[in-house]
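For reference, the chains in residue letters:
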Amino acid sequence: MLFCTVLFLLFGDYVSGSLKQKYISSAFLLMVATVAVKIISALYKIPLTSYIGAVGRGYFSTAYNLCLPIHALTMGAFPIALTKLVSSYEAKGNTAMVKAVRAASKKLFFIIGLSGMIIMLIAARPYSHIVSDSNNAVYTIAALAPSVFFSCLCACNRAFCEGYMDMKCTSISQIIEAIIKTLFGLLFARISMSLLINEYLNSASVLGIVLKSEEEALHTIYPITSASAMLGATLGSIISYIFSLIYVNSKHNLKKADKEYKREALNELVAISLGLVGATAVQSVSSFFDNFSVQYCLSSYNTSVLENIFNSGSSSVSTYAYGVYSAVLDFKNLIPSIVMSLGVAAVPAVSSSFESSDQRFSNLMTSIFKYSTIISVTGGAFLALFCKDVLDIFYSSNPDIAANGFRLLYYSGITILPCCIASTAVYCSQALGYSKKTIIPFAVSAVIRVILNFLLIPISSINLVGALISNFVGYTVIALWNFLIIIKNTHCNLNFFDVLIKPLCASTLTFFVVKTVINGYFSSITGMVGLCLRVLFFVVIHILNLFFLKCISLKDIKIHK
């Protein structure tokens, strides 16, 4: 399947025809790549967790939490600005400025990537000490830091291609990065774990430090194996960048830009990016404080209470709890990642459509949000119905994660819609040039989420479900606010009954029908066979409901040649 996907991305042609069809084709390529990447990531993180345990996953997630706001700034604002500029000048036939933008972007992204890496290295020790109440996460953060630099260079190449609505560079480079990360991350983790365990068994020490018990030894080993695994992610970003560079030079090989245009292109690129940087910075800071508040609330818990909630006697029970939460997020985040591909593909499509005609723009926007909602509620219903099955299968070697995580995954499914639809709405707002208007909703959402985290997570009966509730409320604010921004400034005619109500009704109907039938007829069929039958029944019923409620039609899925 993966091989066929790569072949399709390499040699498949985009659908010709209307802008809507080109958008759907571009979005489809990104969705295929995203699903492939998430499958590969699951193959990476699940066995990785068996090597490093939930505590190691806690260190692993701590590193990513620090990286995310820096990564969002380097991979969010500037690539969108670059894509917007390239698509604009390409549409006007101004090749000279396209070449100038390309030359200016390479310098700008180099500086941004290098700065991001340095900031991450400087912040590693204070962040790991404050958040995880331990300096052990610093090794994992240091191993991940170089990936910020190479990811930024790769983002420059991806965004340039996206300006031509060429999503192949982005799609293939993502798959390459995921494969390298998986192969070498697991290899490095296994080698380091094996060497350190053997050292302890032979000499009762790890890296020359004498340890009194196996638990103490594992507590010392997990941070090192987590850092070793993270080296795979850094290597993946390097190989991905090399591929993207080769692709751009072969597919969009431009002659040297004229010096007189370079400064103009750089100034324009920076000017467009400033509004995006402000919005992205607020978004990154809000995500940072959201994650920080979750970890802080867990670390502030009475240890015995948290041990009782998670039935764990780990000496780092707060890190263990956050590791379980992170393992659940691996599955939850699959759905927003797929929906995000619709937003990425929307940037050049929405800009072009808005400049063409009001009706064309309204039709495209309706399609974007309708597809986003359908994918979101379908994925949410699936996670809610099969939460325990999914975790039992993928974490069979870590049954404690499945036992502690299935409740979180269930609530992730039923609260997922705002998390998905908000990203699409934000991308559309930014593509239309309303980046500054998205700052306030992100700030308001951040305050709401942090307050709710501090209010709900300390309640033992709610615990980490409180983080899911706060995300639901916070992202609902972002989604609704951005809907208002788009409608008010563009007078877009969105039919919310078609965009939101009908898909929600379809998924709700599917959930209760499938749940009732499964409890009545499939409860005795266990194992993989039983799960496959239940999933097949879910797919058939949901497709029928989508057609029955006219959420989709044959016209929607028709390919025009």
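Enquirer: Report on the overall build of the protein chain, specifying residues and quantitative values.
Expert: The helix and strand inventory of the protein chain stands at 18 helices and two strands. In the protein chain, the proportion of contacts linking residues at least 24 apart, taken out of those at least 6 apart, comes to 83%. Here the protein chain displays about 23,900 Å² of accessible surface, and carbon together with sulfur accounts for 66% of that area.

Enquirer: Could you give me a rundown of helix α4 (residues 138-162), with the residues and numbers involved?
Expert: The end-to-end C-alpha separation of α4 is 35 Å, in line with the 36 Å expected for 25 residues at 1.5 Å each. Across the 25 residues of α4, 21 count as buried, placing the element largely inside the fold.

Enquirer: Would you mind going over the confidence of the model for the protein chain in detail, with residue names and values included?
Expert: The predicted model of the protein chain has a mean per-residue pLDDT of 81, with 86% of residues at 70 or higher. Every residue in residues 1-17 is under pLDDT 50, and counting partners more than four places away or in other chains gives 35 contacts.

Enquirer: Describe the packing of aromatic side chains, naming the residues involved and giving the relevant values.
Expert: Evaluated as defined, the whole model comprises 18 aromatic pairs. Seen in terms of ring centroids, F369 and F483 are 4.7 Å apart; in terms of plane orientation they differ by 55°. Their pairing is tilted. Taken as a pair, F369 in helix α11 (residues 358-385) and F483 in helix α16 (residues 465-490) lie far apart in primary sequence, 114 residues in all. The same class applies to F369 as to F483, namely buried. Measuring from ring centre to ring centre gives 5.2 Å for F483 and F496, while their planes differ by 80°; the resulting arrangement is edge-to-face. Remark: F496 occurs in helix α17 (residues 496-522) and F483 occurs in helix α16; sequence separation between them is 13 residues. Since its relative accessible area comes to 4%, F483 is described here as buried. Overall, the relative accessible area of 30% leaves F496 in the partly exposed class.

Reading guide: rules and limits
- Residues numbered from 1 in each chain as written.
- Predicted model: local features only at pLDDT ≥ 70, side-chain atom pairs only at ≥ 80, totals over all residues.
- Heavy atoms only, no water.
- Helix = DSSP H or I, 4+ residues; strand = E, 2+ residues; numbered from the N terminus.
- Contact = heavy atoms within 4.5 Å.
- Areas by Shrake-Rupley, 256 points an atom, 1.4 Å probe, with all protein chains shown as cover.
- Expected span 1.5 Å × (residues − 1).
- Buried < 20%, exposed > 50% of the residue type's maximum accessible area, 1.4 Å probe, protein only.
- pLDDT = per-residue confidence, 0-100.
- Phe/Tyr/Trp six-rings, centres within 6.5 Å; stacked < 30°, edge-to-face > 60°.

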